[in-house]
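Overview (structure and organization)
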Amino acid sequence: KWVLEADPHEALRVFTHRPRHLKPFVAADVVAHLKEHASDPAVVQKYLESFVDGGDGATSTATDAENPHHTRLALEYLDEVLKAVQSGLDPSKSHPGKEPSSAYDAGALMAKVKSTPALREELLVICGRGGFHEQALLALLASKNVLAAEAYCVKYGIPRKGGSNYNGALLKLVELLFKHKDGDMAEYAHLLMARHAKALNGTAVLNLIPASTPLVKVMDFLSQLLPHSAHEVREKTLARNLSNIYNLQVQCERVDKYSESVEIDTKTTCGVCRKRIDTNIFAVYPNGSVVHFACGPNVNMHVDPISGEIFG
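Each value, and the rule that gives it
- Residues numbered from 1 in each chain as written.
- Predicted model: local features only at pLDDT ≥ 70, side-chain atom pairs only at ≥ 80, totals over all residues.
- Heavy atoms only, no water.
- Helix = DSSP H or I, 4+ residues; strand = E, 2+ residues; numbered from the N terminus.
- Buried < 20%, exposed > 50% of the residue type's maximum accessible area, 1.4 Å probe, protein only.
- Contact = heavy atoms within 4.5 Å.
- Areas by Shrake-Rupley, 256 points an atom, 1.4 Å probe, with all protein chains shown as cover.
- Patch = residues over 30% accessible without salt bridge, like charges linked within 9 Å, V, L, I, M, F, W, Y side chains within 5 Å.
- Salt bridge = Lys/Arg side-chain N within 4 Å of Asp/Glu carboxyl O.
- Arc of directions from axis to C-beta.
- Core = buried A, V, L, I, M, F, W, Y, C linked by side-chain atoms within 4.5 Å.
- pLDDT = per-residue confidence, 0-100.
- Axes fitted to C-alpha atoms, helices over the stretch in contact; angles between N-to-C directions.
- Parallel < 35°, antiparallel > 145°, perpendicular 65-115°, else oblique.
- Left-handed = near helix turned anticlockwise from the far one by under 90°.
- Nonpolar A, V, L, I, M, F, W, Y, C, P; charged D, E, K, R; others polar.

Details of the overall build of the protein chain
From N to C terminus, the protein chain includes 14 helices and two strands. Expressed as a percentage of the 312 residues in the protein chain, the buried residues total 34%. Restricting to contacts in the protein chain with at least 6 residues of sequence separation, those with at least 24 account for 46%. Looking at the protein chain as shown, the accessible area adds up to about 19700 Å², and 55% of this sits on carbon and sulfur atoms.

Here's what the structure looks like:
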């Protein structure tokens, strides 16, 4: 305790350079202890940074996506920025260069950022990384900054690995533009649809277009959507046909394998010991080798004892 008060940065080494043979400290307890006794509040950030960076002797077995220290560190940074805002400083210039990794839980930061208008840029980043696209777009459209909303969608609406190929943020923006009270927003929605036709789910967009919309206003969108949709249909059809062909080949090979047989008579001998098979248990390898079970599979089922051929 007294070391933290006298020289907090030197005392921090007690926690970050703990010998590996000793039981590790509980991070949450250390953070609480540092907050209570350290004379410099920055040591809490330094401690958490040692986990996130993996340096200074601190280690963590959790993956980035599971590591709670990322979120704790992000909250510490955010608290620091909020203090700067309350004191009248520009949050973008108060502590430059401090930004947590992308592994933090965006939802845990949303409540604090949403309630602070000065942190709009931070709100957009958190919404983008957390997938809270509607909240970010509503904030941008409130100031009628449609260009910024489009740029946000292009940056953060990129389809995630294993997900849909369409940009969900752009679709949400089109929906919000059509619902907007300002009629000019609908005009921009048509332009947006034409610019990003290939990134939008055509069926979903068509369901959003008001029934009273003149056809001429969506012609640019449809002229790109229809060929693109036809191309996707052809690709899927081709992939399905190739899959069917491969499946047919596998079935044919399966039938061929099942139709294979060997004939054992009184003169058939084991390929290993050269003795007659007679009434003993025998085995047949995929390449047709016939051996006593004790001479083959009982020793190694995956290697032909006669030719040395390896089977998968």
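Details of a nonpolar patch on the surface
A cluster of nonpolar side chains, namely Leu215, Val216 and Met219, defines an oily patch on the protein surface of about 320 Å² accessible area. Mapped onto the secondary structure, methionine 219 falls in helix α14 (residues 219-259).

A short note on helix α9 (residues 133-142)
All of the buried residues along α9 are His133, Ala136, Leu137, Leu140 and Leu141. The arc that holds every buried residue of α9, seen down its axis, measures 130°, which confines them to one face. Turning to α9, the residues buried within the fold contact α8 (120-130), α10 (146-156) and α11 (168-179). With its phi angle positive at about 55°, lysine 144 sits one or two positions after the end of α9.

Quick notes on the pattern of salt bridges
One pass over the structure, following the stated rule, counts seven salt bridges. One salt bridge connects arginine 120 with glutamate 121, and the closest N-O pair in it is separated by 3.8 Å.

Here's the deal with the nonpolar core
Of all hydrophobic cores here, the largest spans 43 residues; its most connected members are Tyr152, Leu173, Leu177, Met193 and Phe221. Element by element, the count of residues in this core is highest for α11, at seven residues. Setting aside residues no more than four positions away along its own chain, tyrosine 152 makes contact with Leu124, Cys127, Gly128, Phe132, His133, Ala136, Leu137, Leu140 and Gly157. The next biggest cluster of nonpolar side chains, apart from the first, holds seven residues, and it includes Ile277, Ala283, Val290 and Phe311.

Some words on the side chain of histidine 190
If you trace the backbone, histidine 190 turns up in helix α12 (residues 183-195). Contact partners of histidine 190, with chain neighbours within four places excluded, come to Phe178, Thr213, Lys217 and Val218.

Quick look at the confidence of the model for the protein chain
Averaged over all residues, the pLDDT of the protein chain is 75; the fraction at 70 or higher stands at 65%. pLDDT under 50 marks residues 55-66. Its contacts with residues more than four places away, or in other chains, come to 17 contacts. Every residue in residues 93-100 is under pLDDT 50, and counting partners more than four places away or in other chains gives eleven contacts.

Some remarks on the packing of α10 against α11
Orientation of α10 relative to α11, taken along the N-to-C sense of each, is 155°, at an axis distance of 8 Å. Judged on the interaxial angle alone, α11 and α10 are roughly antiparallel. Judged by the sense of rotation from one axis to the other, the crossing of α10 with α11 is right-handed. Contacts between α10 and α11 involve Val146, Ala149, Glu150 and Cys153 on the former and, on the latter, Ala169, Leu170, Leu173 and Leu177. Grouping the amino acids of the contact of α10 with α11 by side-chain chemistry returns seven nonpolar, no polar and one charged.

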